[in-house]
Each structure stands twice: as structure tokens, then as C-alpha cells.
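Next come the chains, spelled out residue by residue.
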Amino acid sequence: MYVIVGASSGVGRAIAEEFASRGHDLFLVSRELRDTNAVACDLTIRFGVKVKSLELDLAIPYLDFSKVLQAVEDAGKCFRGILFPAGSVIEDDSLSIEVSRIDSVFRVNCVSICALITEILRRAHHDCKLSIVGFGSIASIRGRGANMTYSAAKTALQFYFESLKHACAGRDNIFIQYYVLGYMDTNLAFAYNVSLPKGSPRKLAKQVYCDIQEDFVSRFYPRYWVIIAVIIKLLPWSLYKLMKF
Amino acid sequence: MSENLVKKSTFVSFDGAIKMSSYHQRPDRYRHLEINYGKQLRIARGGGYSFSAASFGENVLVQELTNFDRFLDFDETLKVIKVEAGMPLGKMLDWIMERGLYFPVLPGYPNITVGGCVAVDAHGKNPWKDGTFSEWVIEINLFHPFHGYMSLSREEHSDEFELTCGGFGTTGIIVDVTLQLVDLPSNALEVRKIPVRSLDEAMRKLSENADDSDYIYSWHGGSQNLKNFGAGVIFIGKWLQDGNTNVDSRLRRKVMTAQSRTNLPISFWNRFTVGFANRLFTELCTVNSREIMGVCRATFPFAYGAPYHSLFGRRGFSEIQVLIDLSTADIFIQKLCHLLEKHNPPLLMVSMKAFRGEQRSLSMAGEGYLVALNFYRNDKLPEFLELVDQLILETNAQPNLSKDSRCPYGVASRTLPHYSHFQTRLHQFDPYRLYRSELTERLGI
């Protein structure tokens, strides 16, 4: 059984579909039960797996994770991992952002995820293989004037995953993975006419499934973003500050 | 448009005649359907396979439902399935066939969606026997900003149910649909190809065989040699009786879209190629007069055969499909032949089916023959189509609005039996007329 947090649409839905098609039971978490229930019905009908869904808004402070933890406990040794294709961007995430929203952006994109991972690791069976997969964004390659809070939260999450990998370095049964996502063909990028090709959520989901027990720190998807990331990081500040993106 | 889920996109009708830039949203959550866009005009879009511009329009927000493609419920005992409106027919067919089930009314492309079929009240390979799509619809879940979610069926909100089936998306967004399935008799059909010498003979044969065929239509080459005009082939298919046979019944997934159909910059069709292709096709049918076809190939011929529609190139094609009454069929065919002889239009082929439908919306209704005329475009064609419009009015034939992207208001309003009633009821249901497209604007709906 896998837990997927943020499974109602886009990358999360594609991952849920891929894992269900391979015969895995799922526990789907998202903030809108209507959508998650529809995904759960679809996967149960098509693949005959057990899919449960739970409404949980990661933006809420001090979340009660008891239902997720109960599902993990019920699954026992069948619990194989947890994936976090969750995230949220907001409009006007720049200097004009409402101060009260900074907190919720950090919670959805980082804080709640870190809290749930901590709780899961406390309860997971030590002798079972367990995968913890995070999803970040190319927005965190380098700070810029747009999506300021979002990219800061995703950068923090990426840092946390690296720390997590370091903390679990001696445990061969735990696989910590982090994907840095470029433009994906989901609603997040739908309205933007970007010049670079958008990644397919379905292809990403296949890759995530195939590599679920691989050992790597972080990986870009689509892969060509590695080159772009290197170039952006190497740009001197005097040039970088002039870029409009 | 303040919502950042919306962009500007260019849409083209499947026949290539109408191209427009419009607002475009691709909802993937229920709340996206419910976003308050005020009185912004909008229309739902499925696969975009309507030959006419039924799913986009000038300054209309297009709500593309391709992410709403989930199975929501399935009752194996009652053979009932509930799917979201963006469910492609091919995806549904693939899944139900694995369970020994089938859906009898399926148009020619597998990526046409269930919601689209409800909206145009599509027909399949034998509408005389199976009726139209809406006859197999048990329930529709409709969303309209001023009415919220409404469950429509023949028992509950029956008036809105009638308006929605064949209403071209004017009543709101079809969110999900519950369909009645039937047992799948086998994985293949036996298709016989019977030569006919004229359209009259084809009509007689269609009448004789429509009751007990599972698949029946005629094809006639658009030969410019009028001596032979009407010569063609009737395809009569029946489910293979002796169980499953060893044919490929898998679905081919990569099929063209309205956009990719226009990839060829010029049309392949001209007087010479039409004549040659028609002769070749007739020969092939004669040589191979009995064929065992896998279900998917028989159901979605356009996904399997030659890339027929893409050969029309960027300029596109024009199709006129009309329902002619049994009593006026002879006169219609006679006058049509006369027009063709006199004006020599760029006709590629004619196809006929026996038809029976009971709609009370913008769809064709009644009993008769469906006659489809496929043209490649040239400069004289619009003038000729106006003469066909006159013929439609004279013989009281009914146009299929989803096939003809230029059908004028005067023809639709005077020939479709429920046009006025539909218009009145629709305005009562939605006085603001939020859901519009190029088609509804052209037809004064």
C-alpha cells in the first residue's frame, strides 16, 4: 500500500493511476474529497485495487494526521511508501502577497509534508522497505521576484529531503527521493504559453514507479532542466538580476 | 479573464472550415467547473470531433473536459456504467469489452467523448435498430451556474433531460453520464459487402436488412460519370455467431484530432484522385466481399482505415448529412441526382443509413434515410451547397447540425421539427443563455 498526498489531479493523479495499474492498494489524500473520491472510484473500478481517500488540507496548522497514520498502521508490513506530489501556487506571490497567505503557502509546500514524514518514520516498521518521495519545482533553482514564497518553501523542502537522506543514510531499507519538476502538462502550467516542452505527468508517473527503490538524492524531470539549472546557477548576479521570468 | 487557469487558444472545426481564437480552460477539479465567471459566455468541449463549431465560439470560454474521464460506478448485474463526460468512447469500450459488455451506439472516432455524444445525440452504425445515443442514457449529471448540479433522467427533470440530449451543450456542462450497456455477442463482426447499382437500390436494401443487421450502411463513389452515379456497396455486418475468433480486437490509440487533421498543407483530392480512389475502393470491396472485422475496427473505422479525413488537407472538407423522410426519399434522391448532374460539384462520396430517432431537441427526429454527402472544397462548392439547402427545404429533410459547419439558420429553423419548442424551453431554463458556441449563434439558438 502506498500513500499519495495530493492525488486529486495532475501529477498526483497520474502517479495514483500508475501505482494502481501495477496492483498496489492506495490511500489518497487531498484537500478536496469530491475529486479524490472520483479518482478512487475510477482506480477501484479499472484495476480492482483497494483505494481509500481522505480529505486533508495541508494549509491548516498543526494538522491531525491520525487517519493517515492509522492507515499506515493497518497496512502493517504492506505499507511500501508515501509520495508527496502536493503543492500549491497562488496568484500575486510577490512582494504584494497578503502576509497571512505566506504561512499557508509554506505549510502546503513544506511544513505539513515534513511533519507527516516525521510521524510516518516514527511508526514505520524498521525491517520493511519504505520509499519517501518528494516533489519540488524548478522555481527553487534560484530566487526571483515571482512565486517568491512558493519557491522558498520548495527550496526548504528540497533541503529537508537532503537532510532526511543524510539522516537515513545507514538504513538500506529506506529510499528517499526527490524530483525537481519543470513545466508539466498540468493545470499549474496550462495557462502559460511556455517555449519549452511540458513534461507528461503519465511518463513521470511511470518513471517514479520504475525507480521507486532506486537510490538518488534528487532528479530533474524533464531531464533537460539539468542543463538549464546549471546555466541559471552559473549566471553572475549582474546578469541574473536583469532576467525577466 | 482574471482566473489564471484560462488561456487563449485557437480552435478549428473538424472539417477545417471554422477557425477561431477563444478563451480556454481545462478543468481538472470539480471546483474549476464552479468558478464564478459571471455572465461570461461559455461552452463545454470534449474531443473536438464535431464537424461544426459546436464546442467553441467568438469570445466564448471553452471548458475542455478531457480531465473528466473517470469511471465512477459500475453495476455488473444491471449492466449499467457511470462515467464522467470527458470519457473517450474507445477507453470505455476497451474496459467494458474485457467484461463481456458492449455499447451499441458508437460514432467513428475512439476519442469522441461520452459528453459530446450526449450533446449532439450521436448515432452509430445502425441507428434504425439501435436508435441514437440518448436512448441508452439513463441519467445525466448537469452543472449550470444558476441551477447548480442537476440530476436529469426521464423521470426526474425530464424536460431538461430532453433539452440536454441533442442540445449541443446549451443547457450547461454535462459532468457525468450513466449508460445502459448490453452483452458483447463476440469479438468480431462478419461484414458482407454487396454491390448496388443505384441509390434507389441501396435504399431498398437498407430497408430490407436494417431490422436484423448489427451494422449497416451504404457507400457510393462520387463519380463524375453520371451514368454510373449511385453505384456502390452496402456493408452489412452481423456479430459473429460462433464465439470469439482470432482477430485483432485491440483499440488503436493514436488517432487524429481536429488540429492534426490539417497537417497536410494541400488536399489530396481532385477529379482524378477521386475517380481513381473510388474505383480502387469498389474493386477492393468486390475482391474481398466478406470480411471478419474485430469489434474496434468495425466500430471505429476512421481510426483503422486510410487517413481519409486528413487527406482533405488544411482546406478541409464539407459534409452534408440529412434525414430524409421515407415518403419523400425518392423525390430527394431524384432531385439530388439532377443537381449533381447539372452542377458537377466536387463530390467525393455518398453514404446512406436507415435512421430512427425520437429526440425533442436540435437533433433529427423521425424515421427515414440518413444521406451523407462528402465534398472536398473548391470555389464553386458554397454555391452548390446553397442549392442543396433549397432541396432540403423543398423536401422537408432535416440537417444533422453536428456534421454541417455552415448550415444556415433558415434551414435549421424551418426543417428541424422541435427547433422552436427547443428554443422556447431553453430560454425559460436559462434566460441569460450562458452556454453558446459558433453553432448556436449561427442558428439563432
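Points about the sheet that holds strand S12 (residues 188-196) of chain B
Residues and elements named next belong to chain B. Pairing in this open sheet of 8 strands is antiparallel, and the strands run S15-S12-S14-S13-S17-S18-S16-S19 from one edge to the other. The two strands at the open ends of the sheet, each matched to only one other strand, are strand S15 (290-294) and strand S19 (398-399). Sheet topology note: the S12/strand S14 (residues 232-239) ladder contains 8 bridges and is antiparallel. When the bridges of S14 are listed, Ile194 appears paired with Ile234. This element, helix H6 (residues 199-209), spans S12, strand S13 (215-221), S14, strand S17 (347-358) and strand S18 (365-376) of the sheet and lies at about 175° to S13. Contacting S12, S13, S14, S17 and S18, helix H7 (residues 271-287) runs over the sheet at an angle of about 135° to S13.

Concerning the interface of chain B and chain A
Listed by partner, the interface residues are 27 residues for chain B and 22 residues for chain A. For the pairing of chain B and chain A, the buried interface totals around 2,300 Å² over both sides, and the portion due to carbon and sulfur atoms is 43%. At the junction of chain B with chain A, the criterion picks out 5 salt bridges. Between Arg34(A) and Glu34(B) there is a salt bridge, with the nearest N and O atoms lying 2.5 Å from each other. Taken together, chain B and chain A are joined by 11 residue pairs in polar contact (both at pLDDT 80 or more). Breaking the side of chain B that touches chain A down by element, the ones donating at least two residues are strand S1 (6-12), strand S2 (19-25), helix H1 (30-33), strand S5 (71-75) and helix H2 (89-98) of chain B. It is S5(B) that contributes the most residues to the side of chain B that touches chain A, 4 residues altogether. Taken together, the residues of the side of chain B that touches chain A sort by class into 9 nonpolar, 6 polar and 12 charged.

What about the packing of aromatic side chains?
Considering all chains together, one arrives at 36 aromatic pairs over all chains under this definition. Ring centres of Phe161(A) and Tyr178(A) lie 5.2 Å apart, and the angle between their planes is 45°; this geometry places the pair in the tilted category. Taken together, the residues Phe161(A) in helix H5 (residues 148-167) and Tyr178(A) in strand S6 (residues 174-181) connect sequence positions 17 residues apart. According to the relative accessible area criterion, Tyr178(A) is buried, its value standing at 1%. Their ring planes at 45° and their centres at 5.0 Å tell us that Phe71(B) and Trp95(B) sit as a pair that is tilted. Highlighted residues: Phe71(B) in strand S5 and Trp95(B) in helix H2, separated in sequence by 24 residues. Trp95(B) carries the same exposure label as Phe71(B), and that label is buried. Taken together, the aromatic side chains of Phe14(B), Tyr49(B), Phe51(B), Tyr109(B), Phe268(B), Trp269(B), Tyr308(B), Phe312(B) and Phe317(B) make up a single cluster linked through ring pairs. Of note, Arg70(B) hangs over the ring of Phe68(B), and the distance from its end group to the ring centre comes to 5.5 Å.

Quick look at unusual backbone geometry
The peptide bond linking Tyr221(A) to Pro222(A) adopts the cis configuration, its omega dihedral lying at -10°. You will see that Phe168(B), though not glycine, has its phi angle at about 55°, which is positive. Relative to the elements of secondary structure, Phe168(B) occurs in the loop between helix H5 (158-164) and strand S10 (173-180). In this structure, Asn344(B) is a non-glycine residue whose phi angle is positive, near 50°. Looking at the secondary structure, you find Asn344(B) in the loop between helix H10 (329-343) and S17.

Observations regarding the confidence of the model for chain B
Scored by pLDDT, chain B has a mean of 91; 95% of the residues are at 70 or more. The complex prediction reports pTM at 0.93, with the ipTM value standing at 0.91.

Considering a nonpolar patch on the surface
Residue and element names in this part refer to chain A. Side chains of Val226, Ile227, Val230, Ile231 and Leu234 sit close together on the surface and give an oily, nonpolar patch of about 480 Å² of accessible area. Considering the arrangement of structural elements, one finds Ile227 in helix H8 (residues 225-234). The class for Ile227 is exposed, based on a relative accessible area of 56%.

Examining the pattern of salt bridges
Counted by the stated rule, this structure contains 36 salt bridges over all chains. Each of Glu32(A), Asp28(B), Arg29(B) and Arg31(B) takes part in a single network of salt bridges with overlapping partners.

Description of the sheet that holds S2(B)
Residue and element names in this part refer to chain B. With mixed pairing, the 4 strands of this open sheet are ordered in space as S1-S2-S4-S3. The open sheet has two edge strands, S1 and strand S3 (42-45), and neither has a second partner. Averaged over all pairs of adjacent strands, the angle between their axes in this sheet comes to 40°, without regard to strand direction. In terms of strand pairing, S2 meets strand S4 (residues 61-64) through 3 bridges, oriented parallel. Bridge assignment links His24 to a residue of S4, and that residue is Val62.

Some details on the environment of Ala122(B)
All names here are of chain B. Its location among the elements puts Ala122 in the loop between helix H3 (114-120) and helix H4 (127-130). For Ala122, a relative accessible area of 10% corresponds to the buried category. Residues Ala122 and Pro107 lie 15 residues apart in sequence; the distance between their C-alpha atoms is 6.6 Å. Residues contacting Ala122, with those up to four places away along its chain left out, are Val105, Pro107, Cys117, Thr132 and Phe133.

So, helix H1 (residues 10-21) of chain A
An α-helix turns once per 3.6 residues; consequently, residues spaced three or four apart project the same way. Residue and element names in this part refer to chain A. Here H1 spans 17 Å end to end across 12 residues, near enough to the 16 Å set by a 1.5 Å rise per residue. Counted residue by residue, H1 has 10 buried out of 12 residues, so it is predominantly covered. Every buried residue belonging to H1 is among Val11, Gly12, Arg13, Ala14, Ile15, Ala16, Glu17, Glu18, Phe19 and Ala20, and all of these are buried. Gly23, located one to two residues past H1, shows a positive phi value of around 90°.

Rules behind the numbers
Residues numbered from 1 in each chain as written. Chains lettered and ligands numbered in written order. Predicted model: local features only at pLDDT ≥ 70, side-chain atom pairs only at ≥ 80, totals over all residues. Heavy atoms only, no water. Pairing = 2+ DSSP bridges. Helix = DSSP H or I, 4+ residues; strand = E, 2+ residues; numbered from the N terminus. Contact = heavy atoms within 4.5 Å. Axes fitted to C-alpha atoms, helices over the stretch in contact; angles between N-to-C directions. Buried area = accessible area lost by both parts, 1.4 Å probe. Salt bridge = Lys/Arg side-chain N within 4 Å of Asp/Glu carboxyl O. Polar contact = N/O pair within 3.5 Å; in protein donor to acceptor, adjacent residues only side chain to side chain. Nonpolar A, V, L, I, M, F, W, Y, C, P; charged D, E, K, R; others polar. Phe/Tyr/Trp six-rings, centres within 6.5 Å; stacked < 30°, edge-to-face > 60°. Buried < 20%, exposed > 50% of the residue type's maximum accessible area, 1.4 Å probe, protein only. Lys NZ or Arg CZ within 6 Å of the ring centre and 35° of its normal. pLDDT = per-residue confidence, 0-100. Patch = residues over 30% accessible without salt bridge, like charges linked within 9 Å, V, L, I, M, F, W, Y side chains within 5 Å. Areas by Shrake-Rupley, 256 points an atom, 1.4 Å probe, with all protein chains shown as cover. Expected span 1.5 Å × (residues − 1).

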